[in-house]
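# Residue-level structural notes
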Amino acid sequence: MDRGLKGKVVLITGGGGGIARGIERAFATEGVRFILTDLFPGGLEAAKEELERDFGSEVFTVIADGSKEDEVRAAVDAGAEHFGGIDVLINNAQASASGLTLVQHSEEDFDLAVRSGLYATFFYMKHAYPYLKKSAGSVINFASGAGIGGNPGQSSYAAAKEGIRGMSRVAASEWGPDDINVNIVCPIVMTKALEEWREREPEMYEKNMKAIPLGRFGDAEKDVGRVCVFLASSDASFVTGDTIMVQGGSGMKP
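Residues numbered from 1 in each chain as written. Predicted model: local features only at pLDDT ≥ 70, side-chain atom pairs only at ≥ 80, totals over all residues. Heavy atoms only, no water.

Where an unreviewed UniProt entry is consulted, the chain appears under the name 3beta-hydroxycholanate 3-dehydrogenase (NAD(+)), with the organism given as Gordonibacter massiliensis. Of the comments in the UniProt record for the chain, the one headed Sequence similarities (unreviewed entry) reads "Belongs to the short-chain dehydrogenases/reductases (SDR) family." (UniProt positions renumbered as here; feature names shortened; annotations may be inferred.)

So, in structure tokens, the structure goes:
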């Protein structure tokens, strides 16, 4: 099925991370070209090698700290110059001090979540906007059920993610006349960290598993990645400002 993505330029932040790697593989099957940014070079280069080897993808990588606007501006402009534009922006990068109660958080802990997530998303959207306007592109921002459901131990993470959701809805309103759609994805994904947690806390893992109606955690490529492909495609051209729960039913709300 032709989703109209072949040759499109997709910028993904946190491009060397586990969830991003699955999203990248899903998009690679559509024949897109990639701009991958990350703070850490190791994962970024591994992602580039994987995409080039397995799919023959064109990949441009940039090391950038998303919390620093000058670095984000330079990364966006460099990627756009390399490929001649940007069609899709996916804000995936996020760090946080999860596991601390609200009163245990320091100002530095809170800053980590807000600057790596909310500020980074803001900076990438701001500086990608001229290119997205030209291409009538798409933005996919990552939030979390931690903010929607108020998960204990994730106050700074939830604050950053809910800030991203609010900002995304405003952008959907402001950028609609430019034919740019902006949506939010809230996933539950099986990651290496989750696998390690399963080994450490098998009873807690099973308790969380039972809270998911579909009985499993999501796959970064087959579940989350394919939803992102849909949101970036012409099939979703009339979808904007929405939060898509990719959580196996555990994110159901009235």
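Let us keep going from here.
This next bit is on the overall build of the chain. When its secondary structure is counted, the chain shows nine helices and seven strands. A compact globule built from 254 residues should have a C-alpha radius of gyration of about 18 Å, and the chain, at 17 Å, falls within 12% of that. By its C-alpha atoms, the chain is 50 × 40 × 40 Å across when sized along the principal axes. Counting the 254 residues in the chain, one finds 46% classified as buried. Contacts in the chain between residues far apart in sequence, at least 24 positions, make up 73% of those at least 6 positions apart. (Helix = DSSP H or I, 4+ residues; strand = E, 2+ residues; numbered from the N terminus. Rg over C-alpha atoms; globule rule 2.2 N^0.38 Å. Buried < 20%, exposed > 50% of the residue type's maximum accessible area, 1.4 Å probe, protein only. Contact = heavy atoms within 4.5 Å.)

With that settled, the discussion passes to the UniProt feature "domain: Ketoreductase" (unreviewed entry) in the chain. With numbering matched to this structure, UniProt assigns "domain: Ketoreductase" (unreviewed entry) to residues 8–178. Across residues 8–178, the secondary structure splits into 56% helix and 15% strand, with the terminal C-alpha atoms separated by 18 Å.

Aromatic rings considered in pairs are described by the distance between their centres and by the relative angle of their planes. Considering all chains together, one arrives at three aromatic pairs under this definition. Between Phe122 and Phe123 the ring centres are 5.3 Å apart and the planes differ by 40 degrees, which places this aromatic pair in the tilted class. Relative to Trp175, the ring of Tyr129 has its centre 4.8 Å away and its plane inclined at 35 degrees; by these criteria the two rings are tilted. Of this pair, Tyr129 sits in helix α4 (residues 107–135) while Trp175 sits in helix α6 (residues 155–175), and the two are 46 residues apart along the sequence. Under the relative-accessibility criterion, Trp175 is labelled buried at 11%. An aromatic cluster is built from Tyr119, Phe122 and Phe123, whose rings are joined through pairwise contacts. (Phe/Tyr/Trp six-rings, centres within 6.5 Å; stacked < 30°, edge-to-face > 60°.)

Our next topic: the pattern of salt bridges. Considering all chains together, one arrives at 14 salt bridges under this definition. One salt bridge in this structure joins Glu30 and Arg3, with 3.2 Å as the shortest N-O distance. With Glu30 in the loop between α1 (18–28) and β2 (33–38) and Arg3 in the segment before β1 (9–13), this pair connects stretches of sequence that are 27 residues apart. Glu69 is paired through a salt bridge with Arg73; the nearest N and O atoms lie 4.0 Å apart. Of this pair, Glu69 and Arg73 both sit in helix α3 (residues 69–83), four residues apart, roughly one helical turn. (Salt bridge = Lys/Arg side-chain N within 4 Å of Asp/Glu carboxyl O.)

Moving on, we come to the packing of α1 against helix α9 (residues 220–232). Helix-helix packing: each pair is described by the crossing angle between the helix axes and the interaxial distance. Where α1 contacts α9, the two axes come as close as 8 Å, and the packing angle between them is 60 degrees. On the basis of their axis angle, the class for α1 and α9 is oblique. You can see that α1 and α9 cross each other, and the crossing is right-handed. Across from Gly18, Ile19, Gly22, Ile23, Arg25, Ala26 and Phe27 in α1, the residues of α9 making contact are Ala220, Glu221, Val224, Gly225, Arg226, Cys228, Val229 and Ala232. Residue classes in the contact of α1 with α9 are distributed as nine nonpolar, three polar and three charged. (Axes fitted to C-alpha atoms, helices over the stretch in contact; angles between N-to-C directions. Parallel < 35°, antiparallel > 145°, perpendicular 65-115°, else oblique. Left-handed = near helix turned anticlockwise from the far one by under 90°. Nonpolar A, V, L, I, M, F, W, Y, C, P; charged D, E, K, R; others polar.)

The next point concerns the state of the cysteines. Under the criterion given, the structure shown has zero disulfides. Cysteine Cys186 shares no disulfide, and the gap to the nearest cysteine sulfur, in Cys228, comes to 11 Å. According to the relative accessible area criterion, Cys228 is buried, its value standing at 0%. (Disulfide = S-S within 2.5 Å.)

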